[in-house]
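Secondary and tertiary structure notes
Residues per chain are reported as follows:
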Amino acid sequence: MFDALKAVLWSFFGIRSSRGYDEDRAKLKLWQIAAAGLVCVLVFVLSLVFLVRFLTAK
């Protein structure tokens, strides 16, 4: 699962090489990438919500 999380995080930054992409396609399953992507999106959205609440608090 760590490899899927690593692949998703590299993709979020947009610095994924084609060789790394091919390696990930060979060893990772679609459900692993989807689960890691959902977790990363959830963490990102929640961190943005908490940051906005913190900055706009009186």
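This text goes with the structure placed above it.
An account of the accompanying structure is given in this report. (Residues numbered from 1 in each chain as written. Predicted model: local features only at pLDDT ≥ 70, side-chain atom pairs only at ≥ 80, totals over all residues. Heavy atoms only, no water.)

With that settled, consider the overall build of the protein chain. A count of helical and extended segments in the protein chain gives three helices and zero strands. Listing each helix as α and each strand as β along the protein chain from the N terminus yields α-α-α. A globule of 58 residues ought to have a C-alpha radius of gyration of about 10 Å, yet the protein chain, at 15 Å, is considerably larger. Based on the C-alpha atoms only, the size of the protein chain along its principal axes is roughly 50 × 20 × 15 Å. Within the protein chain, the proportion of its 58 residues that are buried is 17%. Accessible surface, the protein chain as shown: approximately 5,100 Å² in total, 71% of it carbon and sulfur. (Helix = DSSP H or I, 4+ residues; strand = E, 2+ residues; numbered from the N terminus. Rg over C-alpha atoms; globule rule 2.2 N^0.38 Å. Buried < 20%, exposed > 50% of the residue type's maximum accessible area, 1.4 Å probe, protein only. Areas by Shrake-Rupley, 256 points an atom, 1.4 Å probe, with all protein chains shown as cover.)

Bringing the side chain of Q32 into the picture now. By the secondary structure assignment, Q32 is in helix α3 (residues 30-56). Judged by its relative accessible area of 16%, Q32 falls in the buried class. Polar contacts involving the side chain of Q32 include one to the main-chain amide nitrogen of K29, which spans 2.8 Å. When residues no more than four places from it in sequence are discounted, the contact partners of Q32 are M1, A4 and K27. (Polar contact = N/O pair within 3.5 Å; in protein donor to acceptor, adjacent residues only side chain to side chain. Contact = heavy atoms within 4.5 Å.)

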